[in-house]
Structure formats: structure tokens, C-alpha cells
Amino acid sequence: MQSLYLSVGAALFGTVVLALLLRPVARSLDFVDKPGGRKQHAGEVPVIGGIAMFVGLSLGLSLLPDTARPPASFTATAFGFVCLGLLDDRLNLPSIFRLLVQLGAVLVMVFVGGLGVHYVGAPFGAGTVIFEPWASAIVTMMLVVGAVNALNMVDGLDGLAGSMGLVALIAVAGVGVFGVNTPIFSVSVVLAGAVIGFLMFNLPLGFNQRLRIFMGDAGSMLLGFSLAWTMVALSQEPETPVEPVTLLWFAAVPIFDMVSTAVGRLLRGQSPMSADNTHLHHRLLKKGLTVRLSLLVLVGFAVIWAATGLFLDIVANAPEWVSLVAFVAAGALT
């Protein structure tokens, strides 16, 4: 346990130090997010949060014993997502290219790392669903790429994507501590430490205005992939402490935001991956809420839905189909 405390502290400290060191470098290389169009922030903000969190995470995991570390395929795939995000932050890559690279990275996770979604419980009330290997690869790609892009799409408000990721990581860690797979718990808590280090620069707190940084696509892809990896790994455990459908509740707000935004775009005849101002945080801002209050509302919903999923599974012992129906209802309410 002492090594875990040291690892979390190292992840937090490493993220903070690297963020401070990279700020002037990012400005000199013009690796900044400039205001204009849909971007209403003031001044040019360095987009270095993703690489800072990855270095913090890698440092923290390196201090753990071998039995507590995730497989090398996790770190390699996470690094691939970070590199893709950095290129996208710099070059604004075409969405189809990003999608193809993301799918390729997930295939590495499935066929090299040996991790995929083979079992999803009985969410439809008609018996346990177990996928064949080919179907497992397709479902895994859909879920992981969906998680990556859900975190990417919700990253439109200071502190929002980081806070959504932190809520989900805490929920996964809370469940993982009762499981048998130590690496899942380690990735969750160590990455949570790195996210906290990032949020020290990104939350709209006032005193950190001059030190503000963004996570960029590199950070949102790192968070989305890491969450997906921990959730897939946890759901496939022989004796998982919660049902797979419960894990959806941990990332409820990003999922609801992605689905509602994509459906709205399709209904308007637009590409689901196009950019607009119809995300949940945009709607709150249009209603007159401040940035801080909008953040509090959405984080509040994230906490409530994560707690609801745990309550239905652990306390109420509700059937999985009930949890799934409730999840869809929560999405409509949100």
C-alpha cells in the first residue's frame, strides 16, 4: 500500500512539474489553443495537459511492483493515443483519419494485449450474452472508440473533461479495490493522481488563471482509452464485483452528451463528428449559467449517476435489464 501512495503522489507531482516546464516550450513552439470561433477562452492557452498526464501516469506506474502494473500493451496503446492526440492538436487531422487510427490502436489492445469484450452479462433479460471472437473485436472497438470520443467531445469547458474522468476513475477504483485484478485498481488511482495534477491548472478557480493549460485531444484520448481499458478489464474478470452494465453509469454524462449530440446532428443532416454548439455544457451556458455553475451541475450529475449505478447493483441487487432501462431513462432526463 505504501508503494501505491508513492505512485499516486509521483503521478500528481510529475504532472504538475511537467506542466510547469512545458508551458514556455509550448508557447515558443506555438503549441497553444487560440480563441476564436466556438472557442471563447481568453488568451492563448498551452495544450500540454495530455502529455503531462501521460508522463505523470508512466512515472507513477513505474514505481509499482511488477504484479501491480498493467501489461506493456496498455502503456504502448495509451502512448499511441497520446501521439495521435498531439498530432490532432497540432494539425487538426481529418476525422476519418483519427477514427481509423483509433480503430487500429484498439485492435492492438485486442490481439496483442489479449483484452476484449467477450461477456456483457444479461442486460436484456434473456440470458447471458457471450460474443464470438470476431464479434468481440467489433464490440470492443465500438466501446473503446466511443469512450475515447465521448471524453473528447465533452472537453469544451474548463475542468469538465478532467472532472468527468476523475469521477469515473474514482468509481472504477472503488469497485476495483474489491476485485482480484490489482493492475485495474493501480491504473485507476495512479491516473486519478495525474488528473488531479492537471486540474490544478485547468479548473476555473481564478488564482490559476495565469497558469492555465488545456488537456487537448492528447489528454481526452488518454483519459478515454484508460477508462475504457479499466472498464473492459474489470467487466471481464471471472468474479467481477459489479455487472458490466453498471460500468456504463460511471461515464454516464459523457455518454449521454455524445449520443444526444450525435443524434441531433444526424437529424439535422450533419455528420455526427462535425463541430457545433449543442453539447450539454453549451446548453447550460445558453441558459445563462456561468462556467463554474455549469461545471458543478454536470459534475453533480456525473456523481449522482455513478452512485445510482452502484446502488442498483450492490444495494438493490436489481436485474441487469432494470439497470439498463434506468440508464436510458437517466440519459433522457439528463
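Note that this is a predicted model, so its numbers are computed, not measured. (Residues numbered from 1 in each chain as written. Predicted model: local features only at pLDDT ≥ 70, side-chain atom pairs only at ≥ 80, totals over all residues. Heavy atoms only, no water.)

### Quick notes on the overall build of the protein
What the protein contains, in helices and strands, is 13 helices and two strands. Scaling as 2.2 N^0.38, a compact globule of 334 residues should have a C-alpha radius of gyration of about 20 Å, and the protein matches this with 19 Å. Across its three principal directions, the C-alpha atoms of the protein cover 55 × 50 × 35 Å. Out of the 334 residues belonging to the protein, those deemed buried represent 52%. Sequence-distant contacts, at least 24 apart, represent 74% of the contacts inside the protein between residues at least 6 apart. Carbon and sulfur atoms make up 70% of the accessible area of the protein, which totals about 15,000 Å². When the 16 basic and 17 acidic side-chain charges of the protein are each reduced to a single mean position, those positions are 16 Å apart. (Helix = DSSP H or I, 4+ residues; strand = E, 2+ residues; numbered from the N terminus. Rg over C-alpha atoms; globule rule 2.2 N^0.38 Å. Buried < 20%, exposed > 50% of the residue type's maximum accessible area, 1.4 Å probe, protein only. Contact = heavy atoms within 4.5 Å. Areas by Shrake-Rupley, 256 points an atom, 1.4 Å probe, with all protein chains shown as cover. Lys, Arg positive; Asp, Glu negative; His and termini not counted. Charge placed at Lys NZ, Arg CZ, Asp CG, Glu CD.)

### Remarks on the environment of Thr 240
Along the polypeptide, Thr 240 turns up in the loop between helix 8 (216-235) and helix 9 (244-250). Distance from Thr 240 to Phe 201, taken between C-alpha atoms, is 36 Å for residues 39 residues apart in sequence. Excluding anything up to four places from it in sequence, Thr 240 contacts Leu 234 and Ser 235.

### Observations regarding the environment of Asn 202
As for its placement among the helices and strands, Asn 202 is situated in helix 7 (residues 182-202). Asn 202 sits in the buried class, given a relative accessible area of 4%. Sequence separation between Asn 202 and Val 120 is 82 residues, and the spatial gap between their C-alpha atoms is 36 Å. A polar contact of 2.7 Å, which involves the side chain of Asn 202, links it to the backbone nitrogen of Gly 159. At a separation of 2.8 Å, a polar atom in the side chain of Asn 202 contacts the main-chain carbonyl oxygen of Ile 213. (Polar contact = N/O pair within 3.5 Å; in protein donor to acceptor, adjacent residues only side chain to side chain.)

### What about helix 12 (residues 291-315)?
Taking 1.5 Å of rise per residue, 25 residues should cover 36 Å, and helix 12 covers 35 Å from first to last C-alpha, within 8% of that figure. Looking at the buried positions of helix 12, the neighbouring elements they touch are helix 6 (160-176), helix 9, helix 10 (252-267), helix 11 (280-286) and helix 13 (320-333). Positive phi shows up at Asn 317, right after helix 12, with a value of about 55°. (Expected span 1.5 Å × (residues − 1).)

### What to know about the side chain of Asp 257
Position of Asp 257 among the secondary structure elements: in helix 10. We note that Asp 257 is buried and unpaired, the nearest opposite charge coming from Arg 283 at a distance of 6.4 Å. Those residues in contact with Asp 257 that sit more than four places away from it in its chain are Met 153, Val 154, His 279 and Leu 280. (Salt bridge = Lys/Arg side-chain N within 4 Å of Asp/Glu carboxyl O.)

### Structural notes on the pattern of salt bridges
By the definition in use, this model includes three salt bridges. Note that Asp 66 and Arg 69 form a salt bridge whose closest N and O atoms lie 3.3 Å from each other. For Asp 66, a relative accessible area of 62% corresponds to the exposed category. The closest approach of N and O atoms between Asp 158 and Arg 212, which form a salt bridge, is 2.6 Å. Taken together, the residues Asp 158 in the loop between helix 5 (133-154) and helix 6 and Arg 212 in the loop between helix 7 and helix 8 connect sequence positions 54 residues apart.

### Digging into the nonpolar core
Counting 95 residues, the largest nonpolar core has Met 164, Val 190, Val 195, Phe 225, Trp 229, Met 231 and Phe 250 as the members making the most contacts within it. Beyond its immediate sequence surroundings of up to four residues, Val 190 is in contact with Leu 4, Ser 7, Val 8, Ala 11, Leu 57, Gly 60, Leu 61 and Leu 64. (Core = buried A, V, L, I, M, F, W, Y, C linked by side-chain atoms within 4.5 Å.)

### A few points about the confidence of the model for the protein
The predicted model of the protein has a mean per-residue pLDDT of 90, with 95% of residues at 70 or higher. Strand 1 (residues 32-33) is the least confidently modelled element of the protein, averaging 86 in pLDDT, while helix 2 (residues 49-62) averages 96, the highest of any element. (pLDDT = per-residue confidence, 0-100.)

### Thoughts on the packing of aromatic side chains
For the structure on display, the rule yields eight aromatic pairs. Taken together, the ring pairs in this structure connect Trp 249, Phe 256, Phe 301, Trp 305 and Phe 327 into an aromatic cluster. (Phe/Tyr/Trp six-rings, centres within 6.5 Å; stacked < 30°, edge-to-face > 60°.)

### Description of the packing of helix 10 against helix 13
Running from amino to carboxyl end, helix 10 crosses helix 13 at an angle of 65°, the nearest separation of the two axes being 10 Å. Judged on the interaxial angle alone, helix 13 and helix 10 are roughly perpendicular. Considering the relative orientation of helix 10 and helix 13, their crossing is right-handed. Of the residues in helix 13, those touching helix 10 at Ala 252, Ile 255 and Phe 256 are Phe 327, Ala 330 and Gly 331. In terms of residue class, the contact of helix 10 with helix 13 is made up of five nonpolar, one polar and no charged. (Axes fitted to C-alpha atoms, helices over the stretch in contact; angles between N-to-C directions. Parallel < 35°, antiparallel > 145°, perpendicular 65-115°, else oblique. Left-handed = near helix turned anticlockwise from the far one by under 90°. Nonpolar A, V, L, I, M, F, W, Y, C, P; charged D, E, K, R; others polar.)

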